[in-house]
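Spelled out from the first residue to the last, the chains are:
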Amino acid sequence: MENISKHERIEAKRMKTKSETQLGVIYAGFSYLLWGLLPIYWKLLSGVNADEILANRVFWSFIFMIIVLFLTKKQGLFLYTFKGFAKNKKQMYALIFASLTVTANWFIYIWAVNNGHMIEASLGYYINPLVSILLGMLVLKEKLNIYQYIAFFMAAIGVLIISVSHGKFPWIAIALALTFGIYGLVKKMINVDSAVGLALETLVVTPAAAIYMFYLFFKGSNSFLSTGLETDLLLIGAGAATAVPLLYFAKGAQKIPLSLLGFLQYIAPTIMLVLGVFVYKEHFSKIQLLSFTFIWLGLSLYSLSKTKLFTVKGKKVMQRIN
């Protein structure tokens, strides 16, 4: 009976882990689905300047997060964490920097979508994981196996192809990848609850957003409260549109392996690319296809390199090289 009981406990634990993983996939997949569809939301606000959309996005995100904190009864934790930054300056500076980088990412993304650069924006989020690799190597001194080096250089070739063919550097894609990559790096230094952290991040830039909204109001060039109810509701809803996928992402990331999260993260830029080409009719040339192919191959190899088989082989190859 004891052996059966032990077996049942092991089986129950395995089923719980499987259930948690499935739930994590649903949470993370849903967040990436929302991020992929978000350009449609910003297109509905194409008549509003990107800077005003950003200000409203920041302001209403903070209001939304305060409501979430009260509903989940985390307002006490929020105040405790906020006061704790007085003693932990490193965490405070890291959070401020994270807030500024993600705000810059939001602005570039909104501007790109509403100015016909959705394909290049999707390119930025495709190469973001590889920027994270580079930052990990340079800042965290992380070591890669041979397959991950090859993956990185394949993606770099893709970026080089599109740069040479256009005659200019794809600054939108690189800026999006860098700002979100740096944001992810800095977030590793901040150990706070996901909802509390998001509320604090938006708090950092909310005063500037509110001041700018008042400035537009007194200048008479504001769209909020002057264009129409639909625009007002869309601008207010930008807060939830920003916060909800971030919250689901945080919940999903806690329940699934990083390698699985790596596969799921390509959902969003793929949806963006499809929207850009087939819905909003942005030009997609053969050179762009070649560039994306190199990047897709690099990302596929990188994802496979994180599996156990490739990790072991990669280490053996690197040992022979060294």
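Up top is the structure these notes are about.
Everything numeric here is computed off the predicted structure, so don't read it as measured data.

Calculation rules
Residues numbered from 1 in each chain as written. Predicted model: local features only at pLDDT ≥ 70, side-chain atom pairs only at ≥ 80, totals over all residues. Heavy atoms only, no water. Helix = DSSP H or I, 4+ residues; strand = E, 2+ residues; numbered from the N terminus. Buried < 20%, exposed > 50% of the residue type's maximum accessible area, 1.4 Å probe, protein only. Areas by Shrake-Rupley, 256 points an atom, 1.4 Å probe, with all protein chains shown as cover. Expected span 1.5 Å × (residues − 1). Core = buried A, V, L, I, M, F, W, Y, C linked by side-chain atoms within 4.5 Å. Contact = heavy atoms within 4.5 Å. Salt bridge = Lys/Arg side-chain N within 4 Å of Asp/Glu carboxyl O. Phe/Tyr/Trp six-rings, centres within 6.5 Å; stacked < 30°, edge-to-face > 60°. Lys NZ or Arg CZ within 6 Å of the ring centre and 35° of its normal. Axes fitted to C-alpha atoms, helices over the stretch in contact; angles between N-to-C directions. Left-handed = near helix turned anticlockwise from the far one by under 90°. Nonpolar A, V, L, I, M, F, W, Y, C, P; charged D, E, K, R; others polar. Parallel < 35°, antiparallel > 145°, perpendicular 65-115°, else oblique. Patch = residues over 30% accessible without salt bridge, like charges linked within 9 Å, V, L, I, M, F, W, Y side chains within 5 Å. Polar contact = N/O pair within 3.5 Å; in protein donor to acceptor, adjacent residues only side chain to side chain.

Right, let's talk about the overall build of the protein chain for a bit. For the protein chain, the count of helices and strands is 13 helices and zero strands. Going from N to C terminus, the protein chain has its helices and strands arranged as α-α-α-α-α-α-α-α-α-α-α-α-α. Within the protein chain, the fraction of its 322 residues that count as buried is 46%. Summing over all exposed atoms, the protein chain offers an accessible surface of approximately 17500 Å²; the carbon and sulfur share of this is 69%.

Compared with an ideal rise of 1.5 Å per residue, which puts 26 residues at 38 Å, helix H4 (residues 89–114) spans 38 Å between its outermost C-alpha atoms and is within 8% of the ideal. Note on H4: the residue one or two positions beyond its end, Gly 116, has a positive phi of about 75°.

One finds Trp 42, Leu 45, Met 65 and Tyr 109 to be the most contacted residues of the largest nonpolar core, which totals 61 residues. Take this core: its biggest share by element is 10 residues, from H4. Among all residues touching Met 65, those that are not within four sequence positions of it are Ala 195, Leu 198, Ala 199, Ala 243 and Leu 247. In terms of nonpolar packing, the next biggest core, distinct from the first, is built from 29 residues, Val 131, Ile 133, Val 159 and Ile 174 among them.

For Ser 194, the position within the fold is in helix H8 (residues 194–219). Residue class for Ser 194 comes out partly exposed when judged on its relative accessible area of 26%. Sequence separation between Ser 194 and Leu 247 is 53 residues; the distance between their C-alpha atoms is 6.9 Å.

As enumerated under the stated definition, the model contains one salt bridge in all. When the shortest N-O distance is used, the salt bridge between Lys 74 and Asp 193 registers 3.1 Å. Highlighted residues: Lys 74 in the loop between helix H2 (50–71) and helix H3 (75–84) and Asp 193 in the loop between helix H7 (171–187) and H8, separated in sequence by 119 residues.

With respect to the helices and strands, Phe 263 occurs in helix H10 (residues 258–264). Each C-alpha atom, one on Phe 263 and one on Ser 303, is 6.6 Å from the other, the two residues being 40 residues apart in sequence.

Overall, the coordinates contain 19 aromatic pairs when judged by the stated rule. Judged by centre distance (5.4 Å) and plane angle (85°), the ring pair of Tyr 41 and Trp 42 falls under edge-to-face. Of the aromatic side chains, those joined through ring pairs into one cluster are Tyr 109, Tyr 125, Phe 180 and Tyr 183. Over the face of the ring belonging to Tyr 27 we find Lys 251, whose NZ or CZ atom lies 4.5 Å from the ring centre.

Time to look at the packing of H2 against helix H9 (residues 229–253). In the contact formed by H2 and H9, the axes pass within 7 Å of each other and the chain directions differ by 60°. Considering only the axes of H2 and H9, their crossing is right-handed. Contact residues: H2 offers Ile 53, Asn 56, Arg 57, Trp 60, Ser 61, Phe 64, Met 65 and Val 68, while H9 offers Leu 235, Ile 236, Ala 238, Gly 239, Ala 240, Thr 242, Ala 243, Val 244 and Leu 247. Among the residues forming the contact of H2 with H9, the class breakdown is 12 nonpolar, four polar and one charged.

Our next topic: unusual backbone geometry. Despite not being glycine, Leu 225 has its phi angle at roughly 70°, a positive value. The topology assignment puts Leu 225 in the loop between H8 and H9. Positive phi, normally seen in glycine, also occurs at Lys 281, with a value near 55°. Look at Lys 281 and you get exposed, because its relative accessible area is 65%.

This part covers the packing of H4 against H7. Remark: H4 packs on H7, axes separated minimally by 9 Å, with the N-to-C direction vectors making an angle of 155°. Classified by the angle their axes make, H4 and H7 are roughly antiparallel. With respect to the hand of their crossing, H4 and H7 are arranged in left-handed fashion. Note on element contacts: H7 touches H4 through Trp 171, Ile 172, Ala 175, Leu 176, Thr 179, Phe 180, Ile 182, Tyr 183 and Val 186, opposite Ala 94, Phe 97, Ala 98, Thr 101, Val 102, Ala 104, Asn 105, Ile 108, Tyr 109, Trp 111 and Ala 112. Looking at the contact of H4 with H7, its residues break down into 17 nonpolar, three polar and no charged.

Side chains of Phe 30, Leu 33, Leu 37 and Ile 40 sit close together on the surface and give an oily, nonpolar patch of about 300 Å² of accessible area. Relative to the assigned elements, Leu 33 resides in helix H1 (residues 2–43). You can call Leu 33 partly exposed: its relative accessible area is 36%.

Attention now moves to the environment of Thr 242. Inspection of the secondary structure assignment puts Thr 242 in helix H9. Residue class for Thr 242 comes out buried when judged on its relative accessible area of 2%. Between the alpha carbons of Thr 242 and Trp 35 there is a distance of 8.7 Å; along the sequence they are 207 residues apart. Not counting residues within four places of it along the chain, the set of residues in contact with Thr 242 comprises Arg 57, Ser 61 and Trp 106. Polar side-chain contacts of Thr 242 include one of 2.5 Å to the side chain of Arg 57.

By themselves these figures say nothing about function.
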